[in-house]
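Architecture and fold: a report
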Amino acid sequence: MLAMLMMMTTAAALPAPCIKLRQPIGPVVRAAEAKRLTRDARQQIKPDGVTLILADGPWRLVWATPAEAERGVYFYRRTAKGGYRLIDTWGGVIAPEERTETVAWAQARGGHPPQRIAGCFADAVLAGY
């Protein structure tokens, strides 16, 4: 019973190609991302609400749960000045048969994220992150 409960509350592993995009998120990174998200998304996010970061080139996707909303994925793109600009936010779950549609949605965001990070976004959502 305990093992089943743990499986239900623990996200599945990311596919191998996506592991390379996963960024380490210690306390300092969590605090910085929470501060950026609170400012940019205008939603209160605490450091422990930041649960996953994938980065590929100028793209940075941050999984975070605001205090008064459901978990979301925040799409950031690096600017010419070196900072990050919030491009879009996604929330929800998808079924396996919706993966292709979800990747296409991600790639249609401003600046057009590349296939690799768009695919890893969909895979991470499918895995329960």
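Use the structure listed above.
What comes next is a walk through the structure. Throughout, residues of each chain are indexed from 1 in the direction in which the sequence is written. Predicted model: local features are reported for residues with pLDDT of at least 70 only, side-chain atom pairs are reported and counted for 80 or more only, and whole-chain, interface and lining totals are derived from all residues. Note: side-chain values were computed over all heavy atoms of the structure, leaving out hydrogens and water.

Observations regarding the side chain of Arg-36
Runs of E in the DSSP output that reach at least two residues are strands. Runs of H or I that reach at least four are helices, and both are numbered from the N terminus. Mapped onto the fold, Arg-36 is located in helix 3 (residues 27-41). Residue class for Arg-36 comes out buried when judged on its relative accessible area of 19%. Whether two residues are in contact is decided by their heavy atoms, any of which lying within 4.5 Å being enough. The contact partners of Arg-36, leaving out residues within four places of it in the chain, are Arg-60, Tyr-76 and Tyr-84. Burial classification: accessible surface area is computed with a 1.4 Å probe over protein chains only, and a residue below 20% of its type maximum counts as buried, one above 50% as exposed, and the rest as partly exposed.

Brief notes about the state of the cysteines
Disulfides are defined in this document as cysteine sulfur pairs within 2.5 Å. For the coordinates displayed, the defined rule picks out 1 disulfide. Here Cys-18 connects covalently by a disulfide to Cys-120, the sulfurs 2.1 Å from one another. Here Cys-18 and Cys-120 share a disulfide; its torsion about the S-S bond, -90°, makes the bridge left-handed. You can see Cys-18 sitting in helix 2 (residues 16-19) and its partner Cys-120 sitting in helix 5 (residues 115-127), a full 102 residues away along the chain. By the burial criterion, Cys-18 is buried, and Cys-120 matches it.

Here we look at unusual backbone geometry
Leave glycine aside and you will find that most residues have negative phi; peptide bonds, for their part, are mostly trans. Phi is positive for Arg-42, close to 55°, though the residue is something other than glycine. Positionally, Arg-42 belongs in the loop between helix 3 and strand 1 (50-56). With a phi close to 50°, His-112 is a non-glycine residue in the positive phi region. Summarising the element assignment, His-112 is placed in the loop between helix 4 (99-107) and helix 5.

Some points on the packing of aromatic side chains
Stacked, edge-to-face and tilted are the three classes for Phe, Tyr and Trp ring pairs, Trp counted by its six-membered ring, which pair at centre distances within 6.5 Å; planes under 30 degrees apart are stacked, over 60 edge-to-face, the rest tilted. This model, assessed by the stated rule, comprises 6 aromatic pairs. When the centroid spacing of 6.3 Å and the interplanar angle of 45° are considered together, the rings of Trp-63 and Phe-121 count as tilted. One end of the pair, Trp-63, is in strand 2 (residues 59-64); the other, Phe-121, is in helix 5, and 58 residues separate them in sequence. Taken as a pair, Trp-63 and Phe-121 share a single burial class, namely buried. Grouped by ring-pair contacts, the aromatic residues Trp-63, Phe-75, Trp-90, Trp-105 and Phe-121 constitute a single cluster. Lying across the ring of Tyr-84, Arg-60 places its NZ or CZ 5.8 Å from the centre. Here, over-ring charges are defined by two tests on the NZ atom of lysine or the CZ atom of arginine: distance to the ring centre within 6 Å, and angle to the ring normal within 35 degrees.

Quick word on the environment of Val-28
Its place among the elements puts Val-28 in helix 3. Note on Val-28: relative accessible area 69%, which makes it exposed.

As for the sheet that holds strand 2
One open sheet holds the 4 strands; their spatial order is 1-2-3-4, and the pairing between them is antiparallel. Edge positions in the sheet fall to strand 1 and strand 4 (84-91), since each of these pairs with one other strand and no more. Going from strand to strand, the sheet's axes swing by 20° on average, the running direction of each strand aside. By definition, two strands form a pair when at least two bridges between them are found by DSSP. With 6 bridges joining them, strand 1 and strand 2 adopt antiparallel strand pairing. Within strand 2, the position partnered with Leu-54 by the bridge is Leu-61. Those strands touched by helix 3 are strand 1, strand 2, strand 3 (72-78) and strand 4, and its axis lies near 85° from that of strand 1. Packed on one face of the sheet, helix 5 meets strand 1, strand 2, strand 3 and strand 4 and runs near 155° to strand 1. To obtain an axis, a line is fitted to C-alpha atoms, over the contacting stretch when the element is a helix, and the angle between two such axes runs from 0 to 180 degrees between their N-to-C directions.

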